[in-house]
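# Descriptive structure summary
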Amino acid sequence: MLKILFYDTKSYDKDSFEEKRLQYPELEIDYLKSELTPATARLSKGYEAVCAFVNCEIGTATVRLLHENGVRLILLRCAGFNHVDIEKANALGIKVMRVPGYSPEAVAEHAMALALAANRRIHKAYVRVRENDFSLGGMLGFNFYRKTAGIVGTGKIGAAMARLCHGFGMEVLGFDKYQNPELDFVKYVTMDELLSRSDLVSLHCPLTDETYHLISRETIRKMKDGVILVNTSRGGLVKTEDLIEGIRARKFFAVGLDVYEEEKRNVFEDRSDEILESSVTARLLSFPNVVITSHQGFFTQEALNAISETTLENAMAFMNGESTGNEVK
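Residues numbered from 1 in each chain as written. Predicted model: local features only at pLDDT ≥ 70, side-chain atom pairs only at ≥ 80, totals over all residues. Heavy atoms only, no water.

## Here we look at the packing of helix α9 (residues 240–248) against helix α10 (residues 279–286)
Test applied: For helices, the fitted line uses only the C-alpha atoms of the stretch in contact; every axis is such a line through C-alpha atoms, and the angle between N-to-C directions lies from 0 to 180 degrees. Each helix is a run of H or I in the DSSP string that is no shorter than four residues. Each strand is a run of E no shorter than two, and both are numbered from the N terminus. We call two directions roughly parallel when the angle between them is under 35 degrees, roughly antiparallel when it is over 145, roughly perpendicular when it lies between 65 and 115, and oblique otherwise. Handedness of a crossing follows from how the near helix is turned relative to the far one, being left-handed for an anticlockwise turn of less than a right angle and right-handed for a clockwise one. Throughout, a contact is declared for two residues whenever any of their heavy atoms are within 4.5 Å. Here the nonpolar group is Ala, Val, Leu, Ile, Met, Phe, Trp, Tyr, Cys and Pro; Asp, Glu, Lys and Arg are the charged ones; every other residue, Gly included, is treated as polar.
Viewed as axis vectors pointing N to C, α9 and α10 meet at an angle of 25°, and their least axial separation amounts to 11 Å. As judged from the angle between their axes, α9 and α10 are roughly parallel. Here the hand of the crossing between α9 and α10 comes out left-handed. Of α10, the residues touching α9 (which contributes Thr240, Glu241, Leu243, Ile244, Ile247 and Arg248) are Val280, Arg283 and Leu284. Its residues assigned to classes, the contact of α9 with α10 comprises five nonpolar, one polar and three charged.

## Some points on the pattern of salt bridges
For clarity, the threshold we go by: For this analysis, a salt bridge means a side-chain nitrogen from Lys or Arg found within 4 Å of a carboxyl oxygen belonging to Asp or Glu. Only protein chains enter the area calculation, which uses a 1.4 Å probe; residues under 20% of their type maximum are buried, those over 50% are exposed, and those in between are partly exposed.
Evaluated as defined, the whole model comprises 15 salt bridges. Between Glu182 and Arg163 there is a salt bridge; the shortest N-O distance is 3.3 Å. Residue Glu182 is found in the loop between β7 (171–175) and β8 (186–188), and its partner Arg163 is found in helix α6 (residues 156–167); the two are separated by 19 residues along the sequence. Classification of Arg163 as partly exposed rests on a relative accessible area of 39%.

## Points about the sheet that holds strand β1 (residues 2–6)
Note the following rule: A pair of strands is labelled paired if DSSP reports no fewer than 2 bridges between them.
Across the sheet, which stays open at both edges, the five strands sit in the order β2-β1-β3-β4-β5 with parallel pairing between neighbours. The open sheet has two free edges, formed respectively by β2 (27–31) and β5 (95–97), since each of these has just one partner strand. Pairwise comparison of adjacent strand axes, ignoring direction, gives a mean angle of 20° for this sheet. Where helix α1 (residues 11–21) meets the sheet, it contacts β1 and β2, and its direction lies at approximately 165° from that of β2.

## Concerning the packing of aromatic side chains
Rule in force here: Note on aromatic contacts: the rings of Phe and Tyr and the six-membered ring of Trp form a pair at centre separations within 6.5 Å, being stacked when their planes are under 30 degrees apart, edge-to-face when over 60 apart, and tilted otherwise. Each ring is checked for a lysine NZ or an arginine CZ that lies within 6 Å of its centre and within 35 degrees of its normal; such an atom marks a charge sitting over the ring.
The full count for this structure, using the stated rule, is eight aromatic pairs. Judged by centre distance (5.2 Å) and plane angle (65°), the rings of Phe142 and Phe253 are edge-to-face. With a gap of 111 residues between them, Phe142 in the loop between α5 (122–130) and β6 (148–152) and Phe253 in strand β11 (residues 252–257) connect regions that are remote in the sequence. Grouping aromatic residues by their ring pairs yields a cluster made of Tyr12, Phe53, Phe298 and Phe299. For Lys3, the ring lying beneath its charged end belongs to Tyr47, and the centroid distance is 4.9 Å. Lying across the ring of Phe253, Arg121 places its NZ or CZ 4.5 Å from the centre.

## Quick word on the sheet that holds β7
Spatially, seven strands are ordered β8-β7-β6-β9-β10-β11-β12 in an open sheet, and the strand pairing comes out parallel. In this open sheet, the two edge strands, each paired with only one partner strand, are β8 and β12 (290–292). Ignoring which end each strand starts from, the neighbouring axes of this sheet average 20° apart. α9 contacts β10 (227–231), β11 and β12 of the sheet and is inclined by roughly 145° relative to β11.

## Some details on the nonpolar core
Keep this limit in mind: Only buried residues count toward a nonpolar core, which is a set of Ala, Val, Leu, Ile, Met, Phe, Trp, Tyr and Cys residues joined through side-chain atoms within 4.5 Å.
In this structure, Ile4, Leu36, Ile58 and Tyr102 are the most contacted members of the largest nonpolar core, which totals 51 residues. Ignoring anything within four residues of it in the chain, the contact list for Ile4 reads Leu27, Glu28, Ile29, Asp30, Tyr47, Ala49, Val50, Cys51, Leu75 and Ala315.

## With respect to the pairing of β10
Condition: If the strands point away from the viewer and the path from the first strand over the helix to the second runs clockwise, then the crossover is right-handed.
Most of β10 is tucked away, with five of its five residues classed as buried. With burial as the criterion, each face of β10 is covered, one bearing Val227, Leu229 and Asn231 and the other bearing Ile228 and Val230. When strand β9 (residues 200–203) meets β10, the two strands line up parallel, connected through four bridges. Bridging across to β10, Leu200 finds its partner in Ile228. Once you follow β9 into helix α8 (residues 217–222) and on to β10, the crossover reads as right-handed. Sheet topology places β10 next to β11; five bridges connect them, and they run parallel.

## A closer look at the layout of surface pockets
Note the following rule: Cavity: a set of points on a 1 Å grid over the protein atoms alone where a 1.4 Å probe fits but cannot get out. Pocket: an open set with protein on both sides within 12 Å along at least five of seven lines, its lining residues, like those of a cavity, having an atom within 4 Å of a point. Grid points are joined across faces, edges and corners, and a volume is the space filled by probe spheres set on the points.
The calculated volume of the largest pocket comes to roughly 1,200 Å³. Along the wall of the largest pocket there are 45 residues; nearest its centre are His204, Cys205, Pro206, Leu207 and Ser233. Tallying contributions element by element places α6 first for the lining of the largest pocket, with three residues. When its residues are assigned to classes, the lining of the largest pocket shows 21 nonpolar, 17 polar and seven charged.

## Quick word on the pairing of β2
Here β2 shows one buried face, formed by Leu27, Ile29 and Tyr31, and one open face, formed by Glu28 and Asp30. As judged from the five bridges shared by β1 and β2, these two strands associate in the parallel manner. Its bridge partner lying in β2, Lys3 is registered against Glu28. Considered for its hand, the β-α-β crossover made up of β1, α1 and β2 is right-handed.

## With respect to the packing of helix α4 (residues 104–120) against α6
Relative orientation and spacing of two packed helices are given, respectively, by the angle between their axes and the distance between those axes. Where α4 meets α6, the closest approach of the two axes is 8 Å, and the angle between their N-to-C directions is 50°. As judged from the angle between their axes, α4 and α6 are oblique. Here α4 runs over α6; the crossing is right-handed. Here Pro104, Glu105, Val107, Ala108, Glu109, Ala111 and Met112 of α4 lie close against α6, whose contacting residues are Lys156, Ile157, Ala160, Met161, Leu164 and Cys165.

Structural data, given as structure tokens:
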């Protein structure tokens, strides 16, 4: 029997995992609503494994406390792992396992939805019509057909987004260290060329030291005037202050964000009765050509099913001394 403590559990997480858990009677699971942090890591005593999501704080202090409590496995029900001190976990003999590809299409489709909504001002039209205002002022968009899309990062999610753009009749440019041989319709170019030619720039790369603030004042200046920027990857890819500066300078026709810097306290939480402390978030929301969603790119039935199934398979493999290839080194 493997005892697992789930952190940051929402009702839809529990429902999805409980449905799948019936197939794994060897796993004993308890659920917490609290995020995994150094303060809550102490609750893991008596458990061999913990399961956490993308917004949990699993740095050095957290990993050390988990180790002291006898935890031997950290299950990530997400693909990213930049919020985990992997080196410390490995040094303490704690295995970290993730879900590398739950549903690339879910995130890509959300990225395209953001691009379309921001372009055609769907968010503004929805509010207007509800108030019986059927005017079209400020709603003018442009066709994606025969325009150019720049896909930064052509892994599974980027590839899915590239196919969507190709289906819209767009020329597709790609930038990646490793070219995807399946994307024979994508022209790989330098980052500078992609920025200067693309009408739509969509970010699909991991957050690393190299990609941190990939979109900043310098790269924004290289973009075509009137570009649409979409980010469904990690907030840290875009330097928010420089983005705001670019929006104010009317460099962007529209911006669609599912992730952004300083989003941590907002992600998956209802804060409708609170005053947001971050002026950055408020400023972004003040622009009529900006659409922001709450880190929901992954949120489809298919993705939740894949996340729960892969996570539980990872737990079983650990218990049986097997490898799934989902271990993070």
